[in-house]
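In case you want the letters, here they are:
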Amino acid sequence: MAEELTPENPETPDETEEPIKQRKNGLYPGVSDELAENMKSGWADTELRDLEPIPQAAETAARRAALSARFPGERLVIPAGNLKTRSNDTEYAFRASVEYAYLTGNQTEDGVLVLEPEGDGHRATIYLLPRSDRENGEFWLDGQGELWVGRRHSLTEAEKLYGIPASDVRELAGALREATGPVRVVRGHDAGIEAALTDKVTAERDEELRVFLSEARLVKDEFEIGELQKAVDSTVRGFEDVVKVLDKAEATSERYIEGTFFLRARVEGNDVGYGSICAAGPHACTLHWVRNDGPVRSGDLLLLDAGVETHTYYTADVTRTLPINGRYSELQKKIYDAVYDAQEAGIAAVKPGAKYRDFHDAAQRVLAERLVEWGLVEGPVERVLELGLQRRWTLHGTGHMLGMDVHDCAAARVETYVDGTLEPGMVLTVEPGLYFQADDLTVPEEYRGIGVRIEDDILVTEDGNRNLSAGLPRRSDEVEEWMAALKG
């Protein structure tokens with residue numbers, strides 16, 4: 001990784017502009033006047049003049065209109081966030097805040113959407129960093145200059161892409177300090193913007209804004225549903241990739257599985273939507289096993305919980321529990337089929353007008369029935385469910401909303417989410433599981449170390465539901481046939 005060429009005493013054409021920082025141990029102590037002058041000129045005009053609006057521009061405009069209607073007469077500030085340091089002078093890959101990306105379609109660091117009260121509504125402005133300055137050398141001297149990290153859009157280009165007037169974000173904090181009237185900000189993403197508003201906002205009012213934007217995402221529009229289907233389709237191909245290289249994973253570790261899926265995610269999407277769970281053998285009993293450093297052994301199960309995130313931030317979330325050698329043992333199949341039956345019951349309960357909790361209750365009942373039937377817990381089933389005794393081996397909820405976050409809409413009110421009613425356009429996961437820990441002395445020894453989860457992404461439709469991830473087999477015999485065909 002190259003080092004920035006930073007000057008000791010760079011020119012600062014504006015007193016408000018911070019000087020470009022010098023790397024302490026850089027090999028160049030400074031920049032000569034001649035080189036600085038040379039770098040200012042001789043560059044072609046690269047302005048992009050034939051840009052079309054992003055595909056979701058109509059949808060983001062409608063979302064802003066809904067936000068405007070909810071908070072009339074108030075200034076609304078939604079930041080994208082800033083780069084976060086990974087170590088020393090390297091940063092984590094940037095991902096814009098969901099609220100900002102949902103309302104703009106833009107994904108660049110330091111961006112801020114501001115809705116200013118105007119008439120009966122609001123005037124939206126997107127505040128962004130403009131192109132790197134060539135007069136003061138920022139574009140080649142600063143660590144975030146365009147010759148170091150790549151070209152960014154001009155403000156004029158941004159206006160064409162996002163359909164929102166664009167301004168220089170470096171001027172925003174000062175303007176917000178002078179702002180009057182009620183203001184709300186989405187907190188936790190941009191400390192500088194929050195500091196500029198510190199005497200103008202309250203935690204309660206800001207939380208109302210965050211909750212509204214979370215609940216706005218409960219029902220997906222057609223663009224979002226299409227993006228989720230893309231994410232799922234890529235995820236299906238990623239699972240196929242993994243099955244084809246299980247022999248290589250056996251020769252190495254779970255990391256080979258993680259890397260194989262990650263390749264598909266980066267080639268076809270933006271990233272993985274969350275840390276892939278590549279849990280072989282007893283690691284399948286750890287619900288969020290993301291270390292992925294264990295052995296992959298024939299005869300064990302592989303619990304693969306992974307999802308591709310699209311370039312617009314929509315993620316899939318799919319789980320399959322696969323026999324590493326291609327065939328379930330008798331006990332593995334018995335446990336797998338119990339989870340499959342629970343998932344079937346859960347999926348059948350997903351329909352418009354149903355309570356959100358219905359699919360969870362349906363799946364949990366099946367699991368409790370099997371645990372009683374196997375003699376692992378004393379019945380009757382109603383007692384088990386009332387006391388939650390089945391949770392020793394199933395523990396987690398049976399699903400969650402899905403979208404731009406893997407656990408989407410998390411800030412929504414309980415009465416509109418967990419205690420709410422399903423509507424067409426909602427997308428949720430159905431993911432029952434059974435996990436018999438390796439050290440659980442309450443179950444027969446042969447059960448210990450077996451973990452099974454099956455998860456699919458379900459769209460609520462006008463007349464029921466659609467399984468977006470139906471492209472991956474679920475039934476145990478179909479899984480075995482699918483794996484054999486891929487390996488063959």
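Each remark here, short or long, concerns the structure printed above.
Keep in mind that what you see is a predicted model, and the values were worked out from it rather than measured.

Colleague: I'd love a proper account of empty space enclosed by the protein, names of residues and values included.
Modeller: As enumerated under the stated definition, the model contains one cavity of 30 Å³ or more in all. As for the largest cavity, its lining consists of Q56, R63, A101, G105, Q107, F223, T312, Y313, Y314 and M404.

Colleague: I'd love a proper account of the sheet that holds strand β9 (residues 277–280), names of residues and values included.
Modeller: If you walk across this open sheet you meet the three strands as β9-β10-β12, and the pairing is antiparallel. Since the sheet does not close on itself, it has two edges, and those belong to β9 and β12 (318–323), each with one partner. Mean inter-strand twist for the sheet, computed between neighbouring axes without regard to direction, equals 10°. Examined bridge by bridge, strand β10 (residues 301–306) and β12 share six bridges and lie antiparallel to one another. Its bridge partner being in β12, L301 is matched across the sheet by P323. Its contacts with the sheet place helix α12 (residues 254–268) against β9 and β10, and it is angled at close to 150° to β9.

Colleague: Which residues make up the sheet that holds strand β1 (residues 75–79), and what values do they have?
Modeller: The strand order across the open sheet built from five strands is β6-β5-β4-β1-β7, with neighbouring strands paired in mixed fashion. Only two strands of the sheet have a single partner each, and these edge strands are β6 (166–168) and β7 (183–185). Across this sheet, the average inter-strand angle for adjacent strands is 25°, counted without regard to direction. In the sheet, strand β4 (residues 112–118) pairs with strand β5 (residues 121–128) via seven bridges, with the strands oriented antiparallel. Within the sheet, the bridge partner assigned to E116 lies in β5 and is R123. Across the sheet, helix α9 (residues 203–216) lies against β1 and β7, angled at about 55° from β7, the strand it touches most.

Colleague: Break down the packing of aromatic side chains for me, with residues and values.
Modeller: All chains considered together, the criterion is met by eight aromatic pairs. With centroids separated by 6.0 Å and ring planes inclined at 85°, the aromatic side chains of F239 and F261 adopt a geometry described as edge-to-face. You can see F239 sitting in helix α10 (residues 222–244) and its partner F261 sitting in helix α12, a full 22 residues away along the chain. On the basis of relative accessibility, which here comes to 0%, the residue F239 falls in the buried class. What makes F261 buried here is its relative accessible area of 0%. For the pair Y356 and Y417, a centre-to-centre distance of 5.3 Å together with 85° between the ring planes defines the contact as edge-to-face. Taken as a pair, Y356 in the loop between α13 (330–348) and α14 (358–373) and Y417 in the loop between α16 (391–394) and β13 (427–430) lie far apart in primary sequence, 61 residues in all. A connected cluster of aromatic rings, assembled from ring pairs, spans Y356, F359 and Y417. The aromatic ring of W43 is capped on one face by R134, whose charged end is 5.0 Å from the ring centroid.

Colleague: How would you summarise the nonpolar core if you had to cite specific residues and measurements?
Modeller: In a soluble, globular protein the nonpolar side chains are often hidden away together inside. Counting 93 residues, the largest nonpolar core has L67, I78, I257, I335, W374, L434 and F436 as its most contacted members. Take this core: its biggest share by element is nine residues, from α10. Contacts of I257, omitting those with residues within four sequence positions, involve V242, L246, A249, C278, V296, L302 and L304. Among the nonpolar cores identified, the runner-up in size contains 17 residues, and L218, V350, M401 and L428 belong to it.

Colleague: Please set out the packing of α10 against helix α17 (residues 476–487) residue by residue, giving values where relevant.
Modeller: In contact at an axis separation of 9 Å, α10 and α17 are set at 65° when each is read in the N-to-C sense. For the element pair α10 / α17, the angle class is roughly perpendicular. Read as a crossing pair, α10 and α17 show a hand that is right-handed. Where α10 approaches α17, its residues F239, E240, V243 and K244 are matched on the opposing element by W482, M483, L486 and K487. Taken together, the residues that form the contact of α10 with α17 break down as five nonpolar, no polar and three charged.

Cut-offs used in this document
Residues numbered from 1 in each chain as written. Predicted model: local features only at pLDDT ≥ 70, side-chain atom pairs only at ≥ 80, totals over all residues. Heavy atoms only, no water. 1 Å grid on protein atoms, 1.4 Å probe; cavity = no way out; pocket = protein on both sides within 12 Å on 5 of 7 lines; lining within 4 Å. Points joined across faces, edges and corners; volume = space filled by probe spheres on them. Pairing = 2+ DSSP bridges. Helix = DSSP H or I, 4+ residues; strand = E, 2+ residues; numbered from the N terminus. Axes fitted to C-alpha atoms, helices over the stretch in contact; angles between N-to-C directions. Contact = heavy atoms within 4.5 Å. Phe/Tyr/Trp six-rings, centres within 6.5 Å; stacked < 30°, edge-to-face > 60°. Buried < 20%, exposed > 50% of the residue type's maximum accessible area, 1.4 Å probe, protein only. Lys NZ or Arg CZ within 6 Å of the ring centre and 35° of its normal. Core = buried A, V, L, I, M, F, W, Y, C linked by side-chain atoms within 4.5 Å. Parallel < 35°, antiparallel > 145°, perpendicular 65-115°, else oblique. Left-handed = near helix turned anticlockwise from the far one by under 90°. Nonpolar A, V, L, I, M, F, W, Y, C, P; charged D, E, K, R; others polar.

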